[in-house]
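This is what each chain is made of:
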Amino acid sequence: MGRTVYVNGSYVPEKQGQISIFDRGFLFADGIYEVTAVVNGRLVDYPSHMERLERSLQEIKMEWPCSKEELRAMHQELIKLNKVDQGWIYMQITRGAADRDFKFPKDIRPTLVAFTQIKNLVDNPDAVRGVKVITVPDIRWARRDIKSVMLLAPVLGKQAAHEAGAFEAWMVEDGMVTEGTSSNAYIVKDGKVITRGLSNSILAGCTRRALLRLANEKGIAIEERMFSVEEACEADEAILTSASNFVLPIVEIDGKRIGGGQPGPVARRLRELYLEEAMN
Ligand code: PDD
């Protein structure tokens with residue numbers, strides 16, 4: 001039996017979840033999205049995701065497609081209907097369907113769709129063995145702070161990683177790591193966690209935000225600054241974070257072992273702290 005998905009106000013079997021070929025998400029990538037994790041049937045970092053969604057909508061000059069209460073109720077209904085214990089909810093809002101014309105059409109109704117994916121986020125073997133990353137040039141546009149559905153560069157990056165036997169690709173601009181194709185990037189040196197500061201060059205990760213707060217509370221030193229691939233290769237540890245993976249240790253960058261090829265203590269501690277909060 002397939003999932004129940006949400007399409008513009010209706011809950012329908014996934015095979016019946018359809019939108020127009022004129023949808024501007026399909027024609028122009030004129031839309032934004034959020035991925036919110038679910039643990040023990042509960043949404044993780046939901047207020048952060050909604051704050052970011054609001055900002056993305058503002059930046060692309062779109063109104064909310066429904067009230068915030070309705071959106072939250074929809075997330076909860078999908079969890080219930082699909083009996084999601086662990087996994088995530090993907091939600092996408094596009095400007096809607098209209099004959100193809102670059103400028104915003106008048107009187108258009110946004111398209112809102114959402115669906116669930118089941119994944120064991122807590123007992124993840126990747127967290128125990130660590131993952132490999134490769135580096136690729138960051139070929140994305142200049143507004144990576146907007147969670148746009150225009151994801152061709154990340155798709156190509158992730159495919160390159162997959163073909164190289166790696167889990168993720170770190171994107172590099174002017175010699176400096178921006179972020180992963182679908183995650184934020186960190187290194188650890190002498191006990192200090194180093195991650196690029198927020199700007200238009202990266203997405204403000206909700207997992208990043210929670211993690212930096214937790215690290216602060218626990219006295220783990222954080223430095224928000226750029227780092228190069230060379231510096232990353234010399235680091236004691238490397239880490240990635242996202243709603244779909246939480247906190248994962250990186251044990252190899254471009255074939256070079258990091259921290260002896262084993263997950264390090266800071267990555268383990270940060271994952272523990274994040275899980276503790278997500279599960280309670
Ligand atoms: N991606 N950077 C990029 C480019 C991302 O696409 C994501 C998330 C992140 C991490 O953000 P957060 O912690 O809020 O998930 C950073 C989601 C998971 C995706 O596209 O599947």
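For the structure itself, consult the block above.
Residues numbered from 1 in each chain as written. Predicted model: local features only at pLDDT ≥ 70, side-chain atom pairs only at ≥ 80, totals over all residues. Heavy atoms only, no water.

Peer 1: Help me get a handle on the sheet that holds strand β5 (residues 86-94), residues and values and all.
Peer 2: Strand order in the open sheet formed by six strands is β2-β1-β6-β5-β3-β4, and the pairing between neighbours is antiparallel. For this open sheet the edge positions go to β2 (10-13) and β4 (42-43), each flanked by a neighbour on one side alone. Looking at chain direction, strand β3 (residues 31-39) and β4 are connected through two bridges and run antiparallel. Each bridged residue has a counterpart across the sheet, and for V39 the counterpart in β4 is R42. Together, β3, β4 and β5 form the strand contacts of helix α2 (residues 46-59), whose direction differs from that of β3 by roughly 180 degrees. (Pairing = 2+ DSSP bridges. Helix = DSSP H or I, 4+ residues; strand = E, 2+ residues; numbered from the N terminus. Contact = heavy atoms within 4.5 Å. Axes fitted to C-alpha atoms, helices over the stretch in contact; angles between N-to-C directions.)

Peer 1: Just give me the short version of the packing of helix α6 (residues 206-217) against helix α8 (residues 265-279), but keep the residues and values in it.
Peer 2: Relative to each other, α6 and α8 sit at 105 degrees, their axes nearing to 10 Å. Considered as vectors, α6 and α8 are oriented roughly perpendicular to each other. Touching T207, A210, L211, R213, L214 and A215 of α6 are L270, L273, Y274 and E277, all from α8. (Parallel < 35°, antiparallel > 145°, perpendicular 65-115°, else oblique.)

Peer 1: Can you lay out the packing of aromatic side chains for me, pointing to particular residues and giving the numbers?
Peer 2: Scanning all chains against the criterion turns up six aromatic pairs. Ring centres of Y6 and Y11 lie 5.3 Å apart, and the angle between their planes is 65 degrees; on these two criteria the pair is classed as edge-to-face. When the centroid spacing of 5.0 Å and the interplanar angle of 25 degrees are considered together, the rings of Y90 and F115 count as stacked. With Y90 in strand β5 and F115 in strand β6 (residues 111-118), this residue pair connects regions lying 25 residues apart in the sequence. For Y90, a relative accessible area of 15% puts it in the buried group. Here the aromatic residues Y33, Y90 and F115 are joined through ring pairs into a cluster of three or more. Here the basic side chain of R95 rests over the ring of F104, its NZ or CZ set 3.6 Å away from the ring centre. (Phe/Tyr/Trp six-rings, centres within 6.5 Å; stacked < 30°, edge-to-face > 60°. Buried < 20%, exposed > 50% of the residue type's maximum accessible area, 1.4 Å probe, protein only. Lys NZ or Arg CZ within 6 Å of the ring centre and 35° of its normal.)

Peer 1: Residues and numbers for the layout of surface pockets, please.
Peer 2: In this structure, the largest pocket spans a volume of roughly 900 Å³. Of all the secondary-structure elements, those providing two or more residues to the lining of the largest pocket are β3, α2, β5, β6, α5 (152-163), β9 (176-180), α6 and β13 (237-242). Looking at which element gives the most residues to the lining of the largest pocket, the answer is α5, with five residues. Among the residues making up the lining of the largest pocket, the classes are represented as 18 nonpolar, 14 polar and six charged. Per-domain counts for the lining of the largest pocket show at least three residues from each of domain 1 (4-118) and domain 2 (125-278). Computed from the structure, the second largest pocket encloses a volume of approximately 250 Å³. Lining the second largest pocket are 14 residues, and of these R52, R55, L198, A204 and R209 lie nearest its centre. Contributions of two or more residues to the lining of the second largest pocket are made by α2 and α6. The element that contributes the greatest number of residues to the lining of the second largest pocket is α2, accounting for four residues. A per-class count over the lining of the second largest pocket returns four nonpolar, four polar and six charged. Both domains that furnish three or more residues to the lining of the second largest pocket are identified here as domain 1 (4-118) and domain 2 (125-278). (1 Å grid on protein atoms, 1.4 Å probe; cavity = no way out; pocket = protein on both sides within 12 Å on 5 of 7 lines; lining within 4 Å. Points joined across faces, edges and corners; volume = space filled by probe spheres on them. Nonpolar A, V, L, I, M, F, W, Y, C, P; charged D, E, K, R; others polar. Domains from an automatic or database assignment.)

Peer 1: An account of the pattern of salt bridges is requested, with residue identities and associated values reported.
Peer 2: It is possible for side chains bearing opposite charge to pair when their charged atoms get close. According to the stated counting rule, one finds 25 salt bridges in the structure shown. The salt bridge partner of R213 is E217, with a shortest N-O separation of 3.5 Å. With R213 and E217 both in helix α6 and four residues apart, this pair spans about one turn of that helix. The class for E217 is exposed, based on a relative accessible area of 52%. In this structure, E272 and R269 form a salt bridge, with 3.4 Å as the shortest nitrogen-oxygen distance. Of this pair, E272 and R269 both sit in helix α8, three residues apart, which is roughly one turn of that helix. Accessibility expressed as a relative area gives 45% for E272, which makes it partly exposed. By relative accessible area, which is 34% here, R269 ends up partly exposed. (Salt bridge = Lys/Arg side-chain N within 4 Å of Asp/Glu carboxyl O.)

Peer 1: Would you mind going over unusual backbone geometry in detail, with residue names and values included?
Peer 2: In this structure, D45 is a non-glycine residue whose phi angle is positive, near 55 degrees. Mapped onto the fold, D45 is located in the loop between β4 and α2. Residue classification places D45 among the buried residues on the basis of a relative accessible area of 17%. For K61, which is not glycine, the phi dihedral falls at a positive 60 degrees. Within the secondary structure, K61 is located in the loop between α2 and α3 (68-81). Given the relative accessible area of 63%, K61 is considered exposed.

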